[in-house]
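Next come the chains, spelled out residue by residue.
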Amino acid sequence: GIVDGEGTITIECSRDDKRVTNSKRQYLYSRRHGGIKYSVHTAVYNTNEDLVRWFEVTFGGRVYRMTRGNVKHKAEWMWRKNSKEAVDFLTLIKPWLKLKRLQAETAIEFQAGIKTKRRKALTDKELAVRETQRILMAELNRKGLAETEK
């Protein structure tokens with residue numbers, strides 16, 4: 001399918017203390033969580049805007065036009081969903097995934113461990129678990145042949 005070929009599934013880590021923001025809410029969030037936030041993201045990239053807009057209309061999320069460095073290249077479009085919304089989408093399409101099924105399962109498992117309405121910083125154990133899952137996802141997304149394919 002399109003997500004198998006043109007999509008990405010990632011677990012990203014952002015350190016809010018490195019970002020400049022004017023939002024008091026964002027500042028308070030980053031202070032409560034020790035300045036570290038992990039989240040699931042899924043996206044589809046394509047030069048066909050209609051295809052990417054179809055994802056937006058059908059599944060929600062947002063569409064962005066990506067800037068290209070070379071003016072000779074066609075414009076690229078990205079459809080994206082984050083966190084729980086991304087996992088809801090992945091749960092919906094998981095039966096049809098062939099190449100990215102393990103990434104989807106990893107993202108779903110990761111999100112299941114996220115507590116909403118959190119009031120205190122992540123513990124060292126929670127950080128270690130989330131970082132391990134992020135590294136696993138990065139390894140699953142690494143380009144090249146898997147050991148079993150060599």
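Residues numbered from 1 in each chain as written. Predicted model: local features only at pLDDT ≥ 70, side-chain atom pairs only at ≥ 80, totals over all residues. Heavy atoms only, no water.

1. Observations regarding the pairing of strand E2 (residues 36–46)
Two faces belong to every sheet, and in a regular strand the side chains alternate between them. With nine of 11 residues buried, E2 is to be regarded as a mostly interior element. Of the strand pairs in this sheet, strand E1 (residues 7–15) and E2 are connected by nine bridges, and their pairing is antiparallel. Paired with Ile-11 across the strands is Val-40, a residue of E2. Where E2 and strand E4 (residues 76–82) come together, six bridges link them in antiparallel fashion. By the bridge assignment, Val-44 is partnered in E4 with Trp-79. (Buried < 20%, exposed > 50% of the residue type's maximum accessible area, 1.4 Å probe, protein only. Helix = DSSP H or I, 4+ residues; strand = E, 2+ residues; numbered from the N terminus. Pairing = 2+ DSSP bridges.)

2. A few points about helix H4 (residues 83–93)
For an α-helix the count is 3.6 residues per turn, leaving residues at separations of three or four pointing the same way. Listed in full, the buried residues belonging to H4 are Ala-86, Val-87, Phe-89, Leu-90 and Ile-93. The arc that holds the buried residues of H4, viewed along the axis, is 160°, so those residues lie on one side. Those residues of H4 that are buried are in contact with helix H1 (2–6), E1, E2, helix H3 (49–59), E4 and helix H5 (101–112). (Arc of directions from axis to C-beta. Contact = heavy atoms within 4.5 Å.)

3. Description of the packing of H5 against helix H6 (residues 124–141)
Each pair of packed helices can be summarised by the angle the axes make with each other and by the distance between the axes. Here H5 crosses H6 at 165°, and the two axes come no closer than 10 Å. In terms of axis orientation, H5 runs roughly antiparallel to H6. Here the hand of the crossing between H5 and H6 comes out left-handed. Residues Leu-102, Gln-103, Thr-106, Ala-107, Glu-109 and Phe-110 of H5 form the contact with H6, whose own contacting residues are Arg-130, Gln-133, Leu-136, Met-137, Leu-140 and Asn-141. (Axes fitted to C-alpha atoms, helices over the stretch in contact; angles between N-to-C directions. Parallel < 35°, antiparallel > 145°, perpendicular 65-115°, else oblique. Left-handed = near helix turned anticlockwise from the far one by under 90°.)

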